[in-house]
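# What the coordinates show
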Amino acid sequence: MSIFFSRSFQYRGFILFLTFLFYTAYHLSRKPISIVKSELHRNCSTVIRPADFNITDNATWCDWAPFDQDNYKTLFGVLDNSFLVAYAIGMFFSGMFGERLPLRYYLSFGMLGSGLFTCLFGLGFYWNIHSLGYYAFIQVMNGLMQTTGWPAVVACVGNWFGKGKRGFIMGVWNSHTSVGNILGSLIAGAFVSSAWGMSFIVPGLIIASTGILCFFFLVESQFPFIIDTYTHKSGETDPLLQNSSHVDRSVNGAIATEPAEVVVVEEHPEAISFCGALSIPGVVEFSLCLLFAKLVSYTFLYWLPLYISNVAHFEAKQAGDMSTLFDVGGIVGGIAAGLVSDYTGGRATTCCVMLIAAAPMLHFCTVGGRFLFVYVGMLLLCGGLVNGPYALITTAVSADLGTHESLRGNSRALSTVTAIIDGTGSIGAAVGPLLAGVISPTGWNNVFYMLISADVLACLVRNRSSPH
């Protein structure tokens, strides 16, 4: 039996690694826009003017048009929301496509498409494009391409792992979000001051490359329509080896290879409807909770580097590097949330406690940012407390609800349920950066008050759901 447990473990580990790599690439390609913002609109009085630059009365000579105007924050908000609104709308349809199409093809198409549009944004630097419409269109198309990722990878992992340690496993696995953000920040930061176009082109090439890996190596489920089985001497059947036409069979102490016995498991289950997914207990409540939690998380994702640059007066690269601390905290918070929820059996309660603790930490961001070590501590704690519930809802909770007992074993519902929850959350992800763009001219403190309000609302709507 150790042979089979070992091989089953290897298969699951490989799928976990692949899907981790895939969604790391998705987030890696989203991050550059937040790093490049502080380069598109700079304080030109602090920039050394090139010797061959003749204009002496232009205060915005170092900015990239059209972001050289006083309304640059509004224009940045347009770019953010072009992506996020397209992502939110597309996500509701993405889950239904994911149920009806092979996930391997669906993910590969999405990553290649996302790589293309990410590169096209960066090529605007080399092609000297200064049209807001061009960049907004690229953001819309990239947002639609990115919707292919989350429902598909959660469905893959949910198909390979049971509920027993799902919170911990998915908590560790979900660190791909923060790892992708960190790598995206570091890669974009390496090029932002010299040639910001490369801040997009390099991540675009990376996600396109992972799309090719997905096409050749992803196995989307351990439960295909036929299962290869192994017959023990005791007469028991063990379906540990999946997706194989042969198994190792012990004969007189020797291992030989021969054709496996084929057992038909079930007919292709019928895909669940959108309304049917909404009727699953807890889907609506957790979707609304994620809306407000993701509003907070994505406001940090898109505006934190600019906030650090404006308030702490760091250069673009330094601000981008500092912003990765929020994601480092998010890795720890996601793992801790999964571990605690597995131990206590209360996913909802875990989310509520972390959301309550996050509110005062967000307030400290408005009053305690005078010293570097204070910034570091606040960003780490905020990252853990904000991203912990976000990670738990989008992974373990989505997988639990997508395999709810009311579905009677219909595993094809997992993609649709995941898409509904993350799609609703993505509405908050679109609203948060938009509100930050509108509110920030009145003072960064007001942005954080908005985030605190959203955090409290996330906790309140969660209380309508089951404690488990």
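Just so it is clear, the model here is predicted, and its values are computed rather than measured.

## What to know about the overall build of the protein chain
Along its length, the protein chain carries 16 helices and five strands. Taken across its 468 residues, the protein chain has 57% of its residues classed as buried. Relative to all contacts within the protein chain whose residues are 6 or more apart in sequence, the contacts with residues 24 or more apart total 79%. On the protein chain, roughly 19500 Å² of surface is accessible, and the fraction owed to carbon and sulfur atoms is 67%.

## Re the side chain of S29
Among the structural elements, S29 can be located in helix α1 (residues 2–30). A distance of 2.8 Å separates a polar atom in the side chain of S29 from the backbone oxygen of Y26. Apart from residues no more than four positions distant in its own chain, S29 is found in contact with S114, T118, Q146, P203 and I207.

## A short note on the confidence of the model for the protein chain
Within the protein chain, residue pLDDT values average 78, and 78% of them lie at 70 or more. Contacts for the low-pLDDT stretch residues 224–268, under 50 throughout, to residues beyond four places or in other chains number 81 contacts.

## So, the packing of helix α3 (residues 72–100) against helix α11 (residues 283–312)
Between α3 and α11, whose axes approach to 13 Å, the crossing angle comes to 155°. Taken together, the axes of α3 and α11 lie roughly antiparallel to each other. The hand of the α3/α11 crossing is right-handed. Together, K73, F76, D80, F83, L84 and Y87 of α3 and K294, Y298, Y302, W303 and N310 of α11 make up the contact between the two elements.

## A closer look at the packing of α3 against helix α4 (residues 103–126)
At a closest axis distance of 13 Å, the pairing of α3 and α4 adopts a crossing angle of 170°. Taken together, the axes of α3 and α4 lie roughly antiparallel to each other. Where α3 crosses over α4, the handedness of that crossing is right-handed. Contacts between α3 and α4 involve L79, S94, F97 and G98 from the former and L103, Y106 and F121 from the latter. Looking at the contact of α3 with α4 residue by residue, the class counts come to five nonpolar, two polar and no charged.

Calculation rules
Residues numbered from 1 in each chain as written. Predicted model: local features only at pLDDT ≥ 70, side-chain atom pairs only at ≥ 80, totals over all residues. Heavy atoms only, no water. Helix = DSSP H or I, 4+ residues; strand = E, 2+ residues; numbered from the N terminus. Buried < 20%, exposed > 50% of the residue type's maximum accessible area, 1.4 Å probe, protein only. Contact = heavy atoms within 4.5 Å. Areas by Shrake-Rupley, 256 points an atom, 1.4 Å probe, with all protein chains shown as cover. Polar contact = N/O pair within 3.5 Å; in protein donor to acceptor, adjacent residues only side chain to side chain. pLDDT = per-residue confidence, 0-100. Axes fitted to C-alpha atoms, helices over the stretch in contact; angles between N-to-C directions. Parallel < 35°, antiparallel > 145°, perpendicular 65-115°, else oblique. Left-handed = near helix turned anticlockwise from the far one by under 90°. Nonpolar A, V, L, I, M, F, W, Y, C, P; charged D, E, K, R; others polar.

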